[in-house]
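# Coordinates in review
As a plain string of letters, each chain reads:
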Amino acid sequence: MSSKPLDYENLNENVKKCQYAVRGELYLRASELQKEGKKIIFTNVGNPHALGQKPLTFPRQVIALCQAPFLVDDPNVGLVFPADAIARAKHYFSLTPGGLGAYSDSRGIPGVRKEVAEFIGRRDGYPSDPELIFLTDGASKGVMQILNAIIRGEGDGVLVPVPQYPLYSATISLLGGTLVPYYLEETANWGLDVNNLRQSVAQARYKGITVRAMVIINPGNPTGQCLSEANLIDVLKFCYQENLVLLGDEVYQQNIYQDERPFLSARKVLMDMGPPISKELQLVSFHTVSKGYWGECGQRGGYFEMTNIPPKSVEEIYKVASIALSPNVPGQIFMGLMVNPPKPGDISYERFVRESKSILESLRKRAHIMTDGFNSCRNVVCNFTEGAMYSFPQIRLPPKAIDAAKKAGKVPDVFYCLKLLEATGISTVPGSGFGQKEGVFHLRTTILPAEEDMPAIMASFKKFNDEFMDQYED
Ligand SMILES: Cc1ncc(COP(=O)(O)O)c(CN[C@@H]2CONC2=O)c1O
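As the structure is a prediction and not an experimental result, all values here were calculated from the model. (Residues numbered from 1 in each chain as written. Predicted model: local features only at pLDDT ≥ 70, side-chain atom pairs only at ≥ 80, totals over all residues. Heavy atoms only, no water.)

## Re the sheet that holds strand β14 (residues 443-446)
In a beta sheet, neighbouring strands are held together by backbone hydrogen bonds and run either parallel or antiparallel to one another. Spatial strand order, β10-β14-β13: 3 strands in an open sheet with antiparallel pairing. Strand pairing shows two members of the sheet lacking a second neighbour, β10 (390-391) and β13 (429-430), which therefore form its edges. (Pairing = 2+ DSSP bridges. Helix = DSSP H or I, 4+ residues; strand = E, 2+ residues; numbered from the N terminus.)

## Details of the packing of helix α10 (residues 194-206) against helix α11 (residues 229-241)
Packing of α10 against α11 brings their axes to within 10 Å, and their N-to-C directions diverge by 25°. In terms of orientation, α10 and α11 fall into the roughly parallel class. Every pair of crossing elements has a handedness; the one defined by α10 and α11 is right-handed. The segment α10 lies against α11, with Val194, Leu197, Arg198 and Val201 engaging Asp234, Phe238 and Gln241. Considered class by class, the residues forming the contact of α10 with α11 number 4 nonpolar, 1 polar and 2 charged. (Axes fitted to C-alpha atoms, helices over the stretch in contact; angles between N-to-C directions. Parallel < 35°, antiparallel > 145°, perpendicular 65-115°, else oblique. Left-handed = near helix turned anticlockwise from the far one by under 90°. Contact = heavy atoms within 4.5 Å. Nonpolar A, V, L, I, M, F, W, Y, C, P; charged D, E, K, R; others polar.)

## Focus on the side chain of Gln332
Following the sequence through the fold, Gln332 ends up in helix α15 (residues 329-339). Note on Gln332: relative accessible area 2%, which makes it buried. In this structure, Gln332 is in contact with Ser104, Gly108, Ile109, Val112, Leu135, Ser326 and Pro327, ignoring residues within four places of it in sequence. (Buried < 20%, exposed > 50% of the residue type's maximum accessible area, 1.4 Å probe, protein only.)

## Re the packing of aromatic side chains
Inspection of every chain in the model, using the stated rule, returns 17 aromatic pairs. For the pair Phe134 and Phe304, a centre-to-centre distance of 5.2 Å together with 40° between the ring planes defines the contact as tilted. With a gap of 170 residues between them, Phe134 in strand β2 (residues 133-136) and Phe304 in strand β8 (residues 302-307) connect regions that are remote in the sequence. With respect to class, Phe134 is no different from Phe304; both count as buried. A ring pair is formed by Phe286 and Phe304, whose centres lie 6.2 Å apart and whose planes are at 55°; its orientation type is tilted. Of this pair, Phe286 sits in strand β7 (residues 283-288) while Phe304 sits in strand β8; the two residues are 18 residues apart in sequence, bridging distant segments of the chain. Each member of the pair, Phe286 as well as Phe304, is classed as buried. (Phe/Tyr/Trp six-rings, centres within 6.5 Å; stacked < 30°, edge-to-face > 60°.)

## Quick word on the nonpolar core
Counting 140 residues, the largest nonpolar core has Leu159, Met214, Ile216 and Phe461 as its most contacted members. When residues of this core are assigned to their parent elements, the largest contribution, 8 residues, is made by helix α19 (residues 454-472). In this structure, Leu159 is in contact with Val180, Pro181, Tyr182, Leu197, Ser200, Val201, Val211, Ala213, Met214, Val215, Phe238 and Leu244, ignoring residues within four places of it in sequence. (Core = buried A, V, L, I, M, F, W, Y, C linked by side-chain atoms within 4.5 Å.)

## Details of the sheet that holds strand β3 (residues 156-162)
Strand order in the open sheet formed by 7 strands is β2-β8-β7-β6-β5-β3-β4, with mixed pairing between adjacent strands. Because the sheet does not close on itself, it has two edges, and the strands there are β2 and β4 (178-183). Sheet twist, expressed as the mean angle between neighbouring strand axes with direction ignored, is 20°. Pairing analysis gives 4 bridges linking strand β6 (residues 245-249) to β7, with the strands arranged parallel. Its bridge partner being in β7, Gly248 is matched across the sheet by Ser285. Along the sheet face, α11 touches β3, β5 (210-217) and β6 and points at about 165° away from the line of β5.

## So, the pairing of β14
Covered by surrounding structure in β14 are Leu443 and Thr445 together with Arg444 and Thr446, the residues of both alternating faces. Summarising the sheet, β10 and β14 pair through 2 bridges and their orientation is antiparallel. Following the sheet pairing, Ser391 is matched in β14 by Thr445.

## Details of the site of the ligand
The environment of the ligand is formed by 17 residues, the closest being Ala139, Ser140, Asp249, Tyr252 and Thr288. The side chain of Lys291 places a nitrogen or oxygen atom 3.3 Å from a nitrogen atom of the ligand. Between the ligand and Tyr390, the relevant distance is 3.1 Å, taken from a nitrogen atom to a side-chain nitrogen or oxygen of the residue. In terms of residues, the shell around the ligand owes the most to one element, helix α8 (residues 138-150), which gives 3 residues. For the shell around the ligand, the residue count by class is 7 nonpolar, 6 polar and 4 charged. (Near = heavy atom within 4 Å. Polar contact = N/O pair within 3.5 Å; in protein donor to acceptor, adjacent residues only side chain to side chain.)

So, in structure tokens, the structure goes:
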């Protein structure tokens, strides 16, 4: 039988080359075990509601009304929904003439893009232009659209932090570009060193790669570090000197668990630097409703904001966005609600603040419980989760364990994570899925399991790890 177009061997090589470990070997094995009846704790993905986090009430009230306009017309609606939720639903009706069932503009609903621009203006203290904001099906789609506009072929390189979130490595691979790694310094709390950047660019250029863009993930995934103003100034200056467009992935900007380095947007720091750089450096910033204290991953709401991108290029990006017709409309409304939440004096304000504060306070506590738990284990060291939603401990694997992994045909941290999964049901992602220095091994877990479950999870991890080290240590 002659081979067919979609047979594996005939697939696009870039499709076969790309990898995405967050839902890779460990996740697939965990799903198998779950089917066999084993209790699995899926801490492989930053999916808060899947781990029990309750959705915020106000956004769900508004979206319920938006999805069912007949409820708004019901004379009893005021008995079930607060007046400000009803008013907000009517606001979104006025922005979506066809309602949630109609395509919106391919850049998103203009009124919601305006809400995003106003949010950015309040956050940064500099006006933002709604025309330079596109709403997307989650930040992922925005990242993919922008990388698609940047990467012309394998000669084009993108500077990506290592460890990195594999949306970047997978998309660069899929687009046939070249990932140019810059290593974060684990011993400096995953700090970013401009000298590493220079080295990486020089090595890439020596190989004939044209480095065109740089990615920062702030706060970091999987590393959790928060960039200081000085770091951001260094990065912006570096990109300006090297003529790179900066991609600022800021999806965890609400997830901050320390007070020394509050979130600062790359855009604010850029504007603070003033001309010429603030007028010339190209920057694209990304945000989402999937993270923060919202955790509305399934709603697929995101945006990117373009700074100093020429109108003709914005038109081209718009043209490509229009191929997919429209970002999903409920996700756009969630974005509008996230950037324009209840205000002091609104009926829903107290409840909204109470709910969001309690989620963030609990995440901060869980960040500490997990970090301390890992640091109490043999041959495990872990930087504190300053932000985002993950813990990324280094596991110092004894040589016998590395040999056993090789015999099993597994990368050492995959071997360790599989053993952990089989023994405890804790599903993690091996550090090799995010990139790490040669000979150094990690795993990534989320800090999302419920607070009351954390001590038992950490005790179960500690028991496994002690037994593992007993088995493989000389
Ligand atoms: C740094 C970063 N950027 C973008 C995204 C995409 O978010 P959207 O949901 O808006 O597309 C994620 C999701 N984080 C993945 C999902 O859960 N665990 C992770 O590491 C992320 O961690």
